[in-house]
Amino acid sequence: MIDLQLQRLSFASPAYALSISLRHSILRAPLGLNFSLAELQLEHEQIHLGAWHIDELVGCLVLAPIDQYAVRMRQVAVREDFQQKGVGTALVRYSEEVAREHDVDTLTLHARKSAVPFYQKLGYQEDAEEFMEVGIPHIRMWLSL
Ligand SMILES: CC(C)(COP(=O)(O)OP(=O)(O)OC[C@H]1O[C@@H](n2cnc3c(N)ncnc32)[C@H](O)[C@@H]1OP(=O)(O)O)[C@@H](O)C(=O)NCCC(=O)NCCS
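Residues numbered from 1 in each chain as written. Predicted model: local features only at pLDDT ≥ 70, side-chain atom pairs only at ≥ 80, totals over all residues. Heavy atoms only, no water.

Asks: Any chance you could break down the overall build of the chain for me, citing the residues and the numbers?
Replies: In terms of regular secondary structure, the chain is built from four helices and seven strands. Ordering the α and β elements of the chain from the N terminus gives β-α-α-β-β-β-α-β-α-β-β. Taken over the C-alpha trace, the chain has a radius of gyration of 14 Å; the compact-globule value for 145 residues is 15 Å, and the two agree within 12%. Overall, the C-alpha framework of the chain stretches about 40 × 35 × 30 Å when taken along its three principal axes. The buried share among the 145 residues of the chain stands at 43%. Taking the intrachain contacts of the chain between residues at least 6 apart in sequence as the baseline, contacts between residues at least 24 apart amount to 61%. Summing over all exposed atoms, the chain offers an accessible surface of approximately 8,000 Å²; the carbon and sulfur share of this is 51%. Put simply, the chain has 13 plus and 19 minus side-chain charges, and the middle of one group is 4 Å from the middle of the other. (Helix = DSSP H or I, 4+ residues; strand = E, 2+ residues; numbered from the N terminus. Rg over C-alpha atoms; globule rule 2.2 N^0.38 Å. Buried < 20%, exposed > 50% of the residue type's maximum accessible area, 1.4 Å probe, protein only. Contact = heavy atoms within 4.5 Å. Areas by Shrake-Rupley, 256 points an atom, 1.4 Å probe, with all protein chains shown as cover. Lys, Arg positive; Asp, Glu negative; His and termini not counted. Charge placed at Lys NZ, Arg CZ, Asp CG, Glu CD.)

Asks: Could you give an account of the pairing of strand 4 (residues 70-78), with specific residues and numbers?
Replies: In terms of burial, strand 4 is a largely internal element, eight of the nine residues being buried. Examined bridge by bridge, strand 3 (residues 56-65) and strand 4 share six bridges and lie antiparallel to one another. Bridge pairing links V62 to R74 in strand 4. Two successive antiparallel strands, strand 3 and strand 4, enclose a turn made up of four residues. Pairing between strand 4 and strand 5 (residues 106-112): four bridges, direction parallel. Looking across to strand 5, one finds that M73 is bridged to L109. (Pairing = 2+ DSSP bridges.)

Asks: How would you summarise the nonpolar core if you had to cite specific residues and measurements?
Replies: Within the largest apolar cluster, 30 residues are counted, with the highest numbers of intra-cluster contacts made by L49, L61, L63, M73, Y119, Y124 and M141. Of all elements in the fold, only strand 2 (47-53), strand 3, strand 4, helix 3 (87-101), strand 5, helix 4 (116-121) and strand 7 (136-144) reach the threshold of two or more residues within this core. The element best represented in this core is helix 3, accounting for seven residues. The next biggest cluster of nonpolar side chains, apart from the first, holds nine residues, and it includes L22, I26, L27 and L57. (Core = buried A, V, L, I, M, F, W, Y, C linked by side-chain atoms within 4.5 Å.)

What follows is the structure, encoded as structure tokens:
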């Protein structure tokens, strides 16, 4: 396992800007999409988590509160040259700890179909139905905390 530091990132901080850039390159640019200003403004109320290797941000995700019972994990991205090294697992486990601190029962997400096996390995359950989001198939998944 590589040396990793897991941390919260403050909204609009320089570290948050690095996370937008990472999310853009891993999740949006390959689909020919960009973040809109309106979309990013909503992130003010969300929790931003980052994985650092030495002084480089190599992974990040966002937790968006849904209600008093559930939090949605979104925008899970690991830098390409750090994928398959345990960074995604460390980040998801960290996000579960953070969600538990908020006293919610369920962590839910819209998983890209290509990433479903990753979440299954971490114990997440999935709906049978697929749906389209950002032009690609997704499946709702969840973990009872
Ligand atoms: C999907 C992603 C977050 C996983 O993070 P990661 O750091 O590469 O994953 P890990 O190294 O922690 O992998 C844990 C396990 O899941 C497996 N795994 C990871 N990604 C997988 C995938 N896309 N399909 C199948 N298995 C996968 C790994 O092989 C590993 O298996 P093992 O325990 O048997 O060795 C990362 O690859 C990524 O950013 N992908 C591109 C963006 C994306 O799809 N994000 C998710 C949107 S819902």
